[in-house]
Amino acid sequence: MSGHHRIRVSFIEFLNSVPLGWTFLEGPHQEEFDLKLAVPSECADHLASKEADVGLIPAIEYQRIPDLRILPDLSISSCREARTVLFATRVPLEQVKSIALDTSSRTSVVLLRIILERFLGRQDMAYHPHEPDPDRMLSRFDGALIIGNPAFLVLRDRFFVHDLAREWYRFTGLPFVFALWAVREGVDLGKKAGLFLLSRQVGLQSVPRIAEVYSQRLGISRDLISSYLLDNLDYSLDDVHLRSLEVFFGHAQELGVISRVKPIRFYDPVPI
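A quick note: this is a predicted structure, and the numbers were derived from the prediction, not measured.

This part is about the pairing of strand β3 (residues 54-58). In terms of burial, β3 is a largely internal element, 5 of the 5 residues being buried. Relative to β3, strand β1 (residues 7-12) is paired through 2 bridges, and the arrangement is parallel. Looking across to β3, one finds that Val9 is bridged to Val54. Sheet topology places β3 next to strand β11 (residues 176-184); 5 bridges connect them, and they run antiparallel. Paired with Leu56 across the bridge in β11 is Trp181.

As structure tokens, then:
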């Protein structure tokens, strides 16, 4: 890659990802990358089609897109409760027959299927892809997978609301890893590789500022945003997270979502 070519980064435009990319979005590294904002499924497509060199992608896509490397120590995970990956139902879980699936997510769709089919033994459900519109989804179907910012607005007194990270933890005892930074084969980040860890560090220190900016944009209180980013989410990728990914990929393979499980390979700077 030539020196004048700016590295193209595809980034998820949900609140949960903001601390990871804060210095690219609003901070000192805005000029370092050519940044595209997209929903998770599109970030994966940008990487697959080579429109991006680095992408924050749904974890399942690591298995689907060939020749990726993962940036170490970074993820979007949730230890107990994610708060923005919800399965909302109009009827108790055992009565659910038809489910609307938010098309902007891919990992969460697989997670929901694992919980329903593998953990709860439910094989009799009909799934319907749907654009993210909780009201319409829940007026037409028994249940809806709702992810990202719209999940904050789900009326918890009207529906049965199941937090998928909490369900995963209940069955596995593990945190759930939603997204990973992935680098395409042959892309050399050079000295910029370190900016990703630095951005997370600055992002987590900047939560009060993030809460201020996004409470105006999303119409959600600052306190809710701060507690969500600091208490519900976890941005590391340690051995426990990697174990959780193995379990997740194994179940995905059993469901036939992926044909085989590739081991995780980390990005290594190209030796000079």
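Back to the write-up after that little detour.
In this section: helix α7 (residues 194-205). In this model α7 runs 17 Å from its N-terminal to its C-terminal C-alpha over 12 residues, within 8% of the 16 Å that 1.5 Å per residue would give. Within α7, the full set of buried residues consists of Leu195, Phe196, Ser199, Arg200 and Gly203. Across the axial projection of α7, the buried residues extend over an arc of 140 degrees, all falling on one side.

Right, let's talk about the sheet that holds strand β9 (residues 143-147) for a bit. As a general point, the strands of a sheet are linked pairwise by backbone hydrogen bonds and lie either parallel or antiparallel. One open sheet accounts for 5 strands, arranged β8-β7-β9-β6-β10; its pairing is mixed. Of all the strands in the sheet, the pair left with one neighbour each is β8 (126-130) and β10 (160-163). Strand-to-strand, the axes of this sheet are offset by a mean angle of 25 degrees, without reference to chain direction. Relative to β8, strand β7 (residues 98-102) runs parallel, the two sharing 5 bridges. Residue pairing for β8: Ile99 is matched across the bridge by Tyr127. Strands in contact with helix α4 (residues 107-119) are β6 (85-89), β7, β8 and β9; relative to β7, the strand with the most contacts, it is inclined by about 155 degrees.

Let us now look at the nonpolar core. Judged by nonpolar contacts, the single largest core of 85 residues is most densely connected at Trp181 and Phe196. With residues near it in sequence (within four places) discarded, Phe196 still touches Val9, Leu20, Phe24, Phe33, Val54, Leu71, Leu74, Trp181 and Leu189. Counting 12 residues, the second-largest nonpolar core is a separate cluster that includes Leu86, Ala100, Met137 and Phe141.

Conventions used here
- Numbers given for residues are sequential positions, taken from 1 along each chain in its written order.
- Only residues with pLDDT of at least 70 get local features here, since the model is predicted, and only at 80 or more are side-chain atom pairs given and counted; chain-wide, interface and lining totals rely on the full set of residues.
- Side-chain figures throughout are based on the complete set of non-hydrogen atoms in the structure, without hydrogens or water.
- Note on exposure labels: buried denotes an accessible area under 20% of the residue type's maximum, exposed denotes more than 50%, and partly exposed covers the range between, all computed with a 1.4 Å probe on protein chains only.
- A run of H or I in DSSP counts as a helix once it spans at least four residues, and a run of E counts as a strand once it spans at least two, with each numbered from the N terminus.
- Strands pair, by our definition, only if DSSP identifies at least two bridges between them.
- Expected span of a helix, by definition, is 1.5 Å for each gap between consecutive residues, and there is one gap fewer than residues.
- To be clear, the arc concerns the directions from the helix axis to the C-beta atoms.
- Whenever a helix is involved, its axis is fitted only over the stretch in contact; in every case the axis is a line through C-alpha atoms, and angles between N-to-C directions fall within 0 to 180 degrees.
- Here, residues are in contact when the closest pair of their heavy atoms is within 4.5 Å.
- The nonpolar core is taken to be a set of buried Ala, Val, Leu, Ile, Met, Phe, Trp, Tyr and Cys residues, with the residues joined through side-chain atoms within 4.5 Å.

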